[in-house]
Amino acid sequence: MYKKIYNSFIERKAKGTKSFAVLIDPDKVTPAGIADLTAKCTEAKVDYIFLGGSLVITNHLDEVVQQIKATCSIPVILFPGSPSQVSRFADALLYLSVISGRNPELLIGQHVVSAAAVKKSALEVISTGYLVIDGGAPTTVSYISNTTPIPADKDDIAMVTAMAGDMLGMKVIYMDAGSGARKPITESMIHRVASQVDIPVIVGGGIRDAEKAYRNCKAGADIIVVGNAIEKDFSLIKEIADAVHQAPVNVNR
Ligand code: 1GP
């Protein structure tokens, strides 16, 4: 299968171009709200739309994806909290294994259950080593995943976990402090991870302003994800997109 989205991650990383992804929680959008949001994302040159959440209660994922696709041409990447959050209308799926935890269901169990359906969907599947990092307070992801997050100041644990994911053949590393995290991931941890893996590094959780997004890119993040802060203030979309796109090229190894 042609890996269109993953190739774009790799090409952008090779050029040193940082990317900005807006995270949409399907539970928190209305049809009218989607058009407004996608218009702002297009204007700000947002690179990707991530769609999903650790806990999705409503059952209208297909509809939300179709509305996003009808109102913009930004690729839609599923970021599922469970196997039920799969829509064939999206462009790609982050196939997450929670490698920071020791819950076998989230390391491999749910993948086995969902594998046939995912294959049939013909979605582009991106194998993702997912690291939950302590964000200063329990988040939905740490509660729902029933795993212990990596302590925020244990850069070395994050580094070796990401290295293991990379050597196991995962295609991206996603470092996440959890949605609405009180404290976003430190630049020192991002740098430690990014300097030791060759695959793209996605960073999210608790990023609230353009300056932090810029600093994360400088530390080595390739893709910045913001959800909560944008839900509260749409004007941040352009501010953060501009900061990410202006971030310097390479991480110092
Ligand atoms: C959460 O990484 C995402 O899984 C984004 O977090 O909603 O705090 O921006 P926020």
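K.L.:
Is there a simple way to explain the site of the ligand in this structure?
P.N.:
In the vicinity of the ligand lie 13 residues, with Asp176, Ser179, Gly180, Gly206 and Gly227 positioned nearest. The separation between an oxygen atom of the ligand and a polar side-chain atom of Asp176 is 2.5 Å. Contact distances for the ligand include 2.8 Å between an oxygen atom and a backbone N or O atom of Gly206. For the ligand, whose free accessible area comes to 310 Å², the fraction covered by protein is 96%. Its residues assigned to classes, the shell around the ligand shows four nonpolar, eight polar and one charged.

K.L.:
What am I meant to see in the environment of Gly165 here?
P.N.:
Assignment of secondary structure puts Gly165 in helix H6 (residues 155–167). Linking Gly165 and Ser127, residues 38 residues apart in sequence, is a C-alpha distance of 9.7 Å. Apart from residues no more than four positions distant in its own chain, Gly165 is found in contact with Ile99 and Met170.

K.L.:
Looking at this structure, I do not really get the pairing of strand E2 (residues 48–51). What am I missing?
P.N.:
Here is the key point about a regular strand: its side chains alternate between the two faces of the sheet. The alternating pattern of E2 places Tyr48 and Phe50 on one face and Ile49 and Leu51 on the opposite face, and all of these are buried. Direction of pairing for strand E1 (residues 19–24) relative to E2: parallel, over a ladder of four bridges. What sits directly across from Val22, in E2, is Ile49. Chirality of the crossover, the property in question, places the unit of E1, helix H2 (residues 31–43) and E2 among those that are right-handed.

K.L.:
Got a minute to help me understand the nonpolar core in this structure?
P.N.:
Taken as a class, soluble globular proteins show a tendency for nonpolar side chains to be buried jointly. Judged by nonpolar contacts, the single largest core of 83 residues is most densely connected at Phe20, Phe50 and Ile224. If you tally residues by element for this core, the top one is helix H10 (residues 236–245), at six residues. For Phe20, the contacting residues outside a window of four places in its chain are Val46, Asp47, Tyr48, Ile224, Val226, Ile230, Ile237, Ile240, Ala241, Val244 and His245.

Rules of the game
Residues numbered from 1 in each chain as written. Predicted model: local features only at pLDDT ≥ 70, side-chain atom pairs only at ≥ 80, totals over all residues. Heavy atoms only, no water. Near = heavy atom within 4 Å. Polar contact = N/O pair within 3.5 Å; in protein donor to acceptor, adjacent residues only side chain to side chain. Areas by Shrake-Rupley, 256 points an atom, 1.4 Å probe, with all protein chains shown as cover. Nonpolar A, V, L, I, M, F, W, Y, C, P; charged D, E, K, R; others polar. Helix = DSSP H or I, 4+ residues; strand = E, 2+ residues; numbered from the N terminus. Contact = heavy atoms within 4.5 Å. Buried < 20%, exposed > 50% of the residue type's maximum accessible area, 1.4 Å probe, protein only. Pairing = 2+ DSSP bridges. Right-handed = clockwise from strand over helix to strand, strands pointing away. Core = buried A, V, L, I, M, F, W, Y, C linked by side-chain atoms within 4.5 Å.

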